[in-house]
Amino acid sequence: MRILTGIQPSGIPHIGNFFGMMRQVLDLQSKGETFVFIADYHAMTTNPAAEKLRENVFNLALDMLACGLDTDKNAVFFRQSDIPEVTELMWILNTVTPLGLLERAHSYKDKLAKGFLPNTGLFTYPVLMAADILLYNSTLVPVGKDQKQHLEITRDLAIKFNLQYGEVFTLPDGFIPDKVAVVPGTDGQKMSKSYNNTIPIFGAEKAIRKAVMNVVTDCKGLEEPKDPDTCNVVALYKLFASEAEVAEMAAKYRAGNYGYGHAKQALFEKMWEYFAPMRERRAELEKDPGQVWKILQTGAEKARAEAAATMDRVRRAVGLR
Ligand code: ADP
Ligand code: TRP
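Residues numbered from 1 in each chain as written. Chains lettered and ligands numbered in written order. Predicted model: local features only at pLDDT ≥ 70, side-chain atom pairs only at ≥ 80, totals over all residues. Heavy atoms only, no water.

*Asks:* Looking at this structure, how should I read the site of ligand 1?
*Replies:* Around ligand 1 there are 14 residues in total, and H14, D146, V183, S192 and K193 lie nearest to it. One nitrogen or oxygen atom from the main chain of V183 is found 2.9 Å from a nitrogen atom belonging to ligand 1. Contacts to ligand 1 include M191, whose backbone N or O atom sits 3.0 Å from a nitrogen atom. Starting from 540 Å² of accessible surface for ligand 1 in isolation, the protein chains cover 82%. Partitioning the shell around ligand 1 into residue classes produces 5 nonpolar, 6 polar and 3 charged. (Near = heavy atom within 4 Å. Polar contact = N/O pair within 3.5 Å; in protein donor to acceptor, adjacent residues only side chain to side chain. Areas by Shrake-Rupley, 256 points an atom, 1.4 Å probe, with all protein chains shown as cover. Nonpolar A, V, L, I, M, F, W, Y, C, P; charged D, E, K, R; others polar.)

*Asks:* Looking at this model, I keep getting lost on the nonpolar core. Mind explaining?
*Replies:* Nonpolar side chains tend to gather and get buried jointly when the protein is soluble and globular. Among the nonpolar cores identified, the biggest contains 56 residues, and I15, F18, F77, I199 and Y253 are the most heavily contacted of them. Here the element with the most residues in this core is helix 3 (residues 50-67); it accounts for 10 residues. When neighbours within four sequence positions are excluded, F77 is seen to be in contact with V36, I38, A61, M64, L65, L69, T71, I295, L296, G299 and A300. Grouped together as the second largest cluster of nonpolar side chains are 43 residues, A39, L102, Y108 and A303 included. (Core = buried A, V, L, I, M, F, W, Y, C linked by side-chain atoms within 4.5 Å. Buried < 20%, exposed > 50% of the residue type's maximum accessible area, 1.4 Å probe, protein only. Helix = DSSP H or I, 4+ residues; strand = E, 2+ residues; numbered from the N terminus. Contact = heavy atoms within 4.5 Å.)

*Asks:* Teacher, can you tell me more about the packing of aromatic side chains here?
*Replies:* For any pair of aromatic rings, geometry is given as the distance between the ring centres together with the angle between the planes. Counting across every chain of the model gives 19 aromatic pairs. When the centroid spacing of 5.2 Å and the interplanar angle of 85° are considered together, the rings of F18 and F275 count as edge-to-face. Of this pair, F18 sits in helix 1 (residues 15-28) while F275 is found in the loop between helix 13 (260-274) and helix 14 (276-286), placing the two residues 257 residues apart along the sequence. There is no split in this pair, since F18 and F275 are both buried. Measuring from ring centre to ring centre gives 5.9 Å for Y253 and Y260, while their planes differ by 70°; the resulting arrangement is edge-to-face. Take Y253 and Y260: they sit in the same class, and that class is buried. Members of the aromatic cluster, joined through ring pairs, are F18, F19, F240, Y274 and F275. Here the guanidinium or amino end of R279 rests over the ring plane of W272, the centre of that ring lying 3.4 Å away. (Phe/Tyr/Trp six-rings, centres within 6.5 Å; stacked < 30°, edge-to-face > 60°. Lys NZ or Arg CZ within 6 Å of the ring centre and 35° of its normal.)

*Asks:* What's the story with the layout of surface pockets in this structure? I'm lost.
*Replies:* Picture a little ball the size of a water molecule; that probe, rolled over the atoms, points out where space is still empty. In this model, the second largest pocket occupies a volume close to 400 Å³. Along the walls of the second largest pocket sit 17 residues, with F19, R23, K179, V180 and A181 positioned nearest its centre. For the lining of the second largest pocket, the elements supplying multiple residues, two or more each, are helix 1 and helix 11 (232-240). Counted by class, the lining of the second largest pocket contains 11 nonpolar, 1 polar and 5 charged residues. (1 Å grid on protein atoms, 1.4 Å probe; cavity = no way out; pocket = protein on both sides within 12 Å on 5 of 7 lines; lining within 4 Å. Points joined across faces, edges and corners; volume = space filled by probe spheres on them.)

*Asks:* What should I look at first to understand helix 4 (residues 85-94) in this one?
*Replies:* For the α-helix, the turn length of 3.6 residues means that residues three or four positions removed from each other point alike. Looking only at helix 4, the buried set comprises E85, V86, L89, M90, I92 and L93. Looking down the long axis of helix 4, one finds its buried residues gathered within 165° of arc, a one-sided arrangement. (Arc of directions from axis to C-beta.)

*Asks:* Please clarify how the site of ligand 2 should be interpreted in this entry.
*Replies:* Not every one of the 14 residues close to ligand 2 is listed here, only the nearest: Q8, H42, Y125, D132 and Q147. The side chain of Y125 places a nitrogen or oxygen atom 2.7 Å from a nitrogen atom of ligand 2. Secondary structure elements with two or more residues in the shell around ligand 2: strand 1 (3-7) and helix 8 (125-135). The element that contributes the greatest number of residues to the shell around ligand 2 is helix 8, accounting for 4 residues. Looking at the shell around ligand 2 residue by residue, the class counts come to 8 nonpolar, 5 polar and 1 charged.

Written out as structure tokens, the structure reads:
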């Protein structure tokens, strides 16, 4: 079994990213060797400034290591662009990719609908993702629901390639747990960097408290009884608190004389405590950037050995050797 996933360095991770994706990876790493990479080539499809991209890559490395990605055990952690073979494989996969398959990709169509002026990189994004997955012979790919179609495209391309050139690629399966709920943002919609409604995992206490205090609620007064089942604050509290603690909060809601401000304060405290060990680890790691880059470099060396072996098979299969 080869577990693999990529994460785009596209800004400060929020609790939606943590519970929707990071936690799955952290849980899976106990089951076997797990490749995790920072998808910096993918992030380039939004044309970040060079300095910003570098900063985001470093911060994401800190975030993942602080959250518990264990590179001393099963995790192989690296930067996508440290393995340039992936772009060669992408080119080769491009030649078996029907245009229509990419034209039907939801994430591409969504971006078009939102008025983005697409570059070719955005259009061929799924082919690069297929190359990521197939290069390392991945069998299990933990991702969020929004990536399901990209995994299907990967399988389609692997099947097409294998049909034409022989059985070179292993077909990967997605790991998309249904039970992973969509985490609501401060406005009640899905939490997302693009909606400006996030609660970041790391950052200054004041900023995080402010984000929590911004969670929308209805406008019931302090003394009125409230409905815990429809309240965003309770939905978020559930991510951090035990069942008994959630039941206790629900009872206070129903009884009245418990304000949304109280609930938000309780949410903030739980969340602050939950991330405390990770925050401390992050602060430690941040003091030694050299160590962080070294971890990525060691990961890249491992990944590159695997990539080179796959590319050798691919080049032979297609007639480039
Ligand atoms: P964003 O929408 O904030 O830009 P990304 O698209 O970068 O997030 O998503 C990175 C990962 O985090 C994906 O696997 C995605 O499914 C997961 N994810 C993002 N937002 C949420 C959320 N609100 N609830 C659950 N999972 C989420
Ligand atoms: N497209 C993924 C996302 O936005 C990131 C990604 C790039 C990825 N390559 C991958 C995920 C390969 C899994 C496997 O979340």
